[in-house]
Amino acid sequence: MSIKRLSFLGWSCFISLLSVSACSSDMPSGMAGGAAGSAGSLGTVAGSGTLGPTQASGGSNAAQAGTGSMSGSTGVAGSNTQSGGGNGAGGATGGSVGTGGTGGAPVPCTDKQHPDHASEPCSIWVEWDQTKGANEPKDCDASWLTGSGYCLKSCGKCSDGSGGSSSGGSSGGGGSSGGTGLGPGPKLPDISNGNVYWASRYWDCCKPHCSQQGLPSCGVDGVSQNGGNSACSGGSAYACYSQAPRAIGDNVSYGYVAVPNPSCGTCYHLQFTGTGKFNANDPGSKAIANKHMIVKVANTGGDVAGNQFDLAVPGGGVGINANTCTAQWKLSSNDLGPTAGGFLTACTGSYEQKKSCVRDKCNKLPEGDARKGCLWFVDWFQAADDPNFRYEPISCPNDI
C-alpha cells in the first residue's frame, strides 16, 4: 500500500529521547520555505545510570527566530524513588525550554491489577473513559476499581506527593494515559496546522523496497540479516520483525510506513486527531487522540491514496501478497484475516471484544518483535481503525 509524494513548508527538527540535533532542511523534493533564524538545541537529560521508567524527558523546541541555545543539566538515572533531569536553561532568544522530572520519596501510589482482568492493564480503563460522553458512567469510577484499591494510579485516584504523576517527568504533548511502563517518553510539540491524513495498516512479510537503499531485510526467522531477493517473488528475504512499531513512551511510538515513489529513509512526525477516517467516532481512534508517532519511509506500494500513510503492523493485513506470511508464520489465510485490515477486520463484537480477539490472534505470531508489534496495536494504538492524523517532516532519530 502506498502514498503520493508529499510537499511541506517548514524545517524539520530532530527530537529524540536523549540525543541533541539542530534543525535540518533536508526535505523531500518540492518543499520550500524555512523558519526564521536557527532554533535552540534540545536540552538534554542524560542519566548517570541505566534508564528507568521514571527518567525525565529532555526539553523540546520548535524552530523559531533567534540563535540562542539551550543546555540541559545532567539528570539522575530514573528509578522508583527519584526521577532525573533538570530544566534546560534557554538561550537569549532560543527555543522553548522543556521541563525535567521532579524528585520525590517513594509513596504507596501504585496500580494493583484486578485478578479478573489480568490481561487488561490498568491504563485501559482510562483510555476507555476517553471514548465516553460527558454524561456516561466512567470505568475509573466503578466501585470494583476504586473501592478495593485497583488501578488507583492510572485512574488518578491517588497522588505521589510530587505534584505530578508518580512516574515523574513531563508528558508528551497531549495523549491518553500510558500503560507502557516506559513513562511519558520524549516530549514532542503538538501539530496544530496542516492537512488531515489517515493511517491504514499492513504487513505482507515481503522484503521492503527501501532495502535497496540500505534498510535491512531478514531471513525467514525475521531476525538474521538476509540480502537476497524478496520472498514475495520466490526469494529468501523478508521484512525484519524489528520494523514493527514500538512504543518509546506512553505518548510516543516509532514505526515504518509504505508510500508510493518513496523517498527512502524520510521520517515524519504524526499526531492523531482522535477521529477515524471511515468512522469519526471509532473508539480506538478516540483513545489515541493527541498521541504521537515518528515514522520512517520503508516501502512502496500502489494502492494507497494521496492522503494516506500505510503503517507496517504485524497482523495488519497482507495486501496483494497473500501467501508470504502464511508460509513464514506457518498459519492459514483464515488465521491472518482479510487481506485488507487483517486481524481487526476479522474480529467482531463490541470494541472490547474486538481488542481481546486481536490480542488472541497476535499471540499466534512468532515470539519477539513481530508479536510485540501486533500487541502494540492493541495496547498503545488501542486498535484504532484507520485513524486520522496531522503530520510534519522531521529528521529521523538515531534509533529508528
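Before reading further, recall that the structure is shown in the block above.
Summary of the structure given here. Since we're looking at a predicted model, the values are computed, not measured. All residue numbers here refer to positions counted from 1 along the written sequence of the relevant chain. Since the coordinates come from a predicted model, pLDDT governs what is reported: local features require at least 70, and pairs of side-chain atoms require 80 or more to be given and counted, while whole-chain, interface and lining totals use all residues. With hydrogens and water set aside, each side-chain value is computed from the structure's full complement of heavy atoms.

**Considering the side chain of Ser-285**
Only runs of H or I of at least four residues qualify as helices and only runs of E of at least two qualify as strands under DSSP, and these elements are numbered from the N terminus. Looking at the secondary structure, you find Ser-285 in helix α3 (residues 283–287). Under this definition, polar contacts are N or O atom pairs within 3.5 Å; protein pairs additionally need one hydrogen-donor-capable and one acceptor-capable atom, and for neighbouring residues in sequence, both atoms have to be side-chain atoms. Within the local environment of Ser-285, its side chain forms a polar contact with the side chain of Asp-282, the two groups lying 2.6 Å apart. In contact with Ser-285, other than residues within four places in its own chain, are Gly-274, Thr-275, Gly-276, Ala-384, Asp-385, Asp-386 and Pro-387. Whether two residues are in contact is decided by their heavy atoms: any pair within 4.5 Å suffices.

**Observations regarding unusual backbone geometry**
For Gln-382, which is not a glycine, the phi torsion comes out positive at approximately 55 degrees. With respect to the secondary-structure elements, Gln-382 resides in the loop between α8 (369–379) and β7 (387–394). Each residue's exposure class comes from its accessible area (1.4 Å probe, protein chains only) as a fraction of the maximum for that residue type: buried when under 20%, exposed when over 50%, partly exposed otherwise. Residue class for Gln-382 comes out buried when judged on its relative accessible area of 1%. Positive phi values are uncommon outside glycine, yet Asp-386 reaches one of about 55 degrees. Its location among the elements puts Asp-386 in the loop between α8 and β7.

**As for the packing of aromatic side chains**
Pairs were defined over the aromatic rings of Phe, Tyr and Trp, the Trp ring being its six-membered one, requiring ring centres within 6.5 Å. Orientation was assigned from the angle between planes: stacked under 30 degrees, edge-to-face over 60, tilted for the rest. Evaluation of the coordinates by the stated rule reveals 14 aromatic pairs. Between Phe-272 and Phe-389 the ring centres are 6.2 Å apart and the planes differ by 75 degrees, which places this aromatic pair in the edge-to-face class. With a gap of 117 residues between them, Phe-272 in strand β4 (residues 267–276) and Phe-389 in strand β7 connect regions that are remote in the sequence. Here a set of aromatic residues connected by ring pairs shows up, and it is made of Tyr-197, Tyr-268, Phe-272, Phe-309, Trp-376, Phe-377, Trp-380, Phe-381, Phe-389 and Tyr-391. It is Lys-291 that lies over the ring of Trp-380; its NZ or CZ is 4.4 Å from the centre. Criterion for a charge above a ring: Lys NZ or Arg CZ within 6 Å of the ring centre, and within 35 degrees of the ring normal.

**A look at the packing of helix α7 (residues 351–362) against α8**
Axis lines are fitted through C-alpha atoms, for helices just across the contact stretch, and the angle between N-to-C directions can take any value from 0 to 180 degrees. For the pair α7 and α8, interaxial distance at closest approach is 9 Å and the crossing angle is 175 degrees. The orientation of α7 relative to α8 falls into the category roughly antiparallel. Contacts between α7 and α8 involve Lys-355, Val-358, Arg-359 and Cys-362 on the former and, on the latter, Arg-371, Cys-374, Leu-375, Phe-377, Val-378 and Asp-379. The classification used treats Ala, Val, Leu, Ile, Met, Phe, Trp, Tyr, Cys and Pro as nonpolar, Asp, Glu, Lys and Arg as charged, and all other residues, Gly among them, as polar. By residue class, the composition of the contact of α7 with α8 is six nonpolar, no polar and four charged. Roughly parallel means an angle under 35 degrees; roughly antiparallel, over 145; roughly perpendicular, 65 to 115; everything else is oblique.

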